[in-house]
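Descriptive structure summary
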Amino acid sequence: MSPAPAQITLGQWDERYAALRAEGLREPSYGGPLSRHLADGDRRLSCLRFDNSPAALRLWNFLLSEEDRLFAARREGKTIIGTMKDLGTVPIMAYALEDTVAFYPDGAWWQPCVMELSDGLLARADAMGIDESFCPVRAMLGAFETGEHFPAPDLLTCSVGATCDDFSAIAQRLSATGFPILWWEIPPRRPCDPGEAAIRLPGGRRVSRSQVAFVTGQMQHLAWAIGQTCGKRLRRRHLAQSIHQANRVRGLLGELREEAYRAAAAPLGAMEMLVAEMLAIHYCSDRDETVAVLEDLLAEVRRRVAAGTGVLEAAAARVYWVNPVADLRAMNLLEECGGRVCGTDYMFGHALARIPTNVPPLEALARMALADPMVGPAGQRAEDICADMAAAGAEAAVISRIPGASHCATEGAVIAEEIRGRLALPVVEIEVPPVIDAVMASLKTRLSALVERVKERRER
Ligand code: SF4
């Protein structure tokens, strides 16, 4: 008989894995016990509590095997495109061509946490003059220098324009160290002038037709460069098919978010949901497998919802979480304090929205890029968060600041004020460093206080 849904330690997963294998568990090529990743230096895993389902096992193994997949792609002669900053748009072009893989070098920001700073990536960035006054994305400088976490890409792209100061400085430093970058421009999303022709973006915002035309031109250049790098022509039908596949991933994630965040008792923990949401950005370097991983998770969540079971109490405070965390332990911590995540804005909402299929593919991608919450005013992001919180029945919000991040300097205050003003709900702003151990006690106090306020409000 299957055990009830629960969150278990890495050691408990070893026992569970042995039992599943004895029962005949079938796994993909990257399968195996979770604890084997400790040997790769992923020490943080021993501090986390994981979902006990085979679907979650597959999710974690998929995530933690991405480096192996990228190096295997290099050995197999595939073309590797490193896409920086845009979160979700350029990889769709890369995956339109066979034997091409895209990844985000920015994802290296997660390495110092999962390896509990033993990788030395932040120290290398320090030595290159990019110190802790910059956000943890600076870890990618060290990753490029060591070449240990991903192979050098055949083409490296990066968006500029409506880009934070940190990323601009870090990418310029990278370029100066000998990694050529294809820069492309995403302008700040601005309100339409009176009488200016407008286009509605995925998510509902309106933008001027001229801005869409400009970004479509940038997409054309990117498509040409990717084709050149691969030695193939990136045709419209390839792009249309790739958009179709991207919408498949986004559709699955939409259903998963709907089921998991709306359920009375959370059927899946916040940590696994965060990892699942991140798959939408670049598919963890394997789009087909992303679909399979999400299908498994969705089936598990549906089973649990139908059975009325979950991993947390139904009474848990419904918390909306803003911004991703490098240390996933923070998501466990909220749940230990009596909260559960009921909605999120991890800064890439545009990567979850359905891509239009009734316009030419490059224009569709341009619209997506302009729908990025981070290329518009913070006030618009705050309004969208409030609307999402209201729809999700959120009772409170956590705004998670990223240390050194220029985008967090004032944006958190803007979002918090909007939530208090519009929804009159409690909000807490916290800062989550790459490893939270030193601030665990204070984080716990603040998250517990937030949950207590929710419970008090329920009793009024
Ligand atoms: S400052 Fe914010 S938006 Fe910029 S790279 Fe860091 S986390 Fe991303």
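First things first, this report covers the structure right here in the doc. Note that this is a predicted model, so its numbers are computed, not measured.

Counting its regular elements, the protein contains 17 helices and twelve strands. On C-alpha atoms alone, the protein measures out to a radius of gyration of 21 Å, which is about the 23 Å that the 2.2 N^0.38 rule sets for 460 residues. Projected onto its principal axes, the C-alpha coordinates of the protein cover approximately 55 × 55 × 45 Å. Expressed as a percentage of its 460 residues, the buried residues of the protein come to 51%.

The next subject is the environment of S65. Relative to the assigned elements, S65 resides in the loop between α2 (54–64) and α3 (66–75). A tally of 22 C-beta atoms within 10 Å means that S65 is categorised as buried. Separated by 35 residues in the primary sequence, S65 and Y30 have C-alpha atoms spaced 6.5 Å apart.

To continue, consider the nonpolar core. Of all hydrophobic cores here, the largest spans 152 residues; its most connected members are M93, L294, V319, L334 and A397. Those residues in contact with A397 that sit more than four places away from it in its chain are V319, Y320, V322, M389, I419, L425 and V427.

Turning next to the packing of helix α10 (residues 236–262) against helix α11 (residues 270–282). Where α10 meets α11, the closest approach of the two axes is 9 Å, and the angle between their N-to-C directions is 160°. Here α10 lies roughly antiparallel to α11, going by the angle between them. As α10 packs across α11, the resulting crossing turns out to be left-handed. Across the interface between the two elements, V249, R250, L253, L256 and A260 from α10 touch M273, A276, E277 and A280 from α11. Taken together, the residues of the contact of α10 with α11 sort by class into seven nonpolar, no polar and two charged.

It is worth spelling out the site of the ligand at this point. Every residue near the ligand is listed here: C135, V137, C164, D166, F167, M374, I402, A405, S406 and H407. Residues belonging to the shell around the ligand are distributed by class as follows: seven nonpolar, two polar and one charged.

The strands that make up a sheet pair up through hydrogen bonds in the backbone, lying either parallel or antiparallel. Strands sit in the order β4-β3-β5-β6 across an open sheet of four strands; the sheet is parallel. Two strands close off the open sheet at either side, each with one partner strand: β4 (100–103) and β6 (182–186). Neighbour-to-neighbour, the strand axes of the sheet open up by a mean angle of 25°, direction not taken into account. Summarising the sheet, strand β3 (residues 79–84) and β4 pair through four bridges and their orientation is parallel. Its bridge partner lying in β4, G82 is registered against F103.

The next point concerns the pairing of strand β5 (residues 155–161). Counting buried positions over the seven residues of β5 gives five, a clear majority of the element. Examined bridge by bridge, β3 and β5 share four bridges and lie parallel to one another. Bridging from a neighbouring strand, M84 pairs with C158 of β5. With five bridges joining them, β5 and β6 adopt parallel strand pairing. When the bridges of β6 are listed, S159 appears paired with W184. This β-α-β element, β5 to helix α8 (residues 165–176) to β6, shows right-handed connectivity.

Let us now look at the environment of D126. Here D126 shows up in helix α6 (residues 121–127). Of the residues examined, D126 has 16 C-beta atoms within 10 Å and is grouped as partly exposed. Measuring from C-alpha to C-alpha, the distance between D126 and Y283 comes to 30 Å, with 157 residues separating the pair along the chain.

β3 sits mainly inside the fold: six of its six residues count as buried. Side chains T79, I81 and T83 project from β3 onto one buried face, and the interleaved I80, G82 and M84 project onto a second face that is buried too.

With respect to topology, four strands assemble into an open sheet ordered β10-β9-β11-β12, the strand pairing being parallel. Where the open sheet ends on each side, the last strands, each with one partner, are β10 (339–345) and β12 (427–431). Strand after strand, the sheet turns through a mean of 30° between neighbouring axes, direction not considered. Bridge analysis of strand β11 (residues 396–401) against β12 gives five bridges, and the strand direction is parallel. Counted as the bridge partner of R401 is E431 from β12. Of the strands in this sheet, β9 (317–322), β10 and β11 are in contact with helix α13 (residues 329–336), which crosses β10 at around 135°.

Before going further, it helps to examine the environment of C337. The topology assignment puts C337 in the loop between α13 and β10. The exposure class of C337 is buried, given the 20 C-beta atoms found within 10 Å. For C337 and S2, which are 335 residues apart along the polypeptide, the C-alpha to C-alpha distance reads 27 Å. Setting aside residues up to four positions removed in sequence, C337 forms contacts with K444, L447, S448 and V451.

Procedures and definitions
- Throughout, residues of each chain are indexed from 1 in the direction in which the sequence is written.
- In keeping with the predicted nature of the model, local features appear solely for residues at pLDDT of at least 70, side-chain atom pairs appear and are counted solely at 80 or more, and the whole-chain, interface and lining totals rest on all residues.
- A helix here means a DSSP run of H or I that spans at least four residues, while a strand means a run of E at least two residues long, and both kinds are numbered starting from the N terminus.
- Computation of the radius of gyration draws on C-alpha atoms, with the globule rule given as 2.2 Å multiplied by the number of residues to the power 0.38.
- Here exposure depends only on C-beta density: within 10 Å of a residue's C-beta, 20 or more other C-beta atoms make it buried, 12 or fewer make it exposed, and intermediate numbers make it partly exposed, the C-beta atoms being placed from the backbone.
- As used throughout, a nonpolar core is a set of buried Ala, Val, Leu, Ile, Met, Phe, Trp, Tyr and Cys residues joined through C-beta atoms within 7 Å of each other.
- By the convention adopted here, residues are in contact when the distance between their C-beta atoms, placed from the backbone, does not exceed 7 Å.
- Whenever a helix is involved, its axis is fitted only over the stretch in contact; in every case the axis is a line through C-alpha atoms, and angles between N-to-C directions fall within 0 to 180 degrees.
- Put simply, angles under 35 degrees are roughly parallel, angles over 145 are roughly antiparallel, angles from 65 to 115 are roughly perpendicular, and the rest are oblique.
- Left-handed describes a crossing whose near helix is turned anticlockwise from the far helix through less than a right angle; right-handed describes the clockwise counterpart.
- As a working rule, the residues Ala, Val, Leu, Ile, Met, Phe, Trp, Tyr, Cys and Pro are called nonpolar, Asp, Glu, Lys and Arg charged, and the rest polar, with Gly in that last group.
- Any residue qualifies as near a molecule or strand once its backbone-derived C-beta atom lies within 6 Å of it.
- By the convention used here, strands pair only if DSSP detects at least 2 bridges between them.
- By convention, orient the strands away from the viewer: a clockwise path from the first strand over the helix to the second makes the crossover right-handed.

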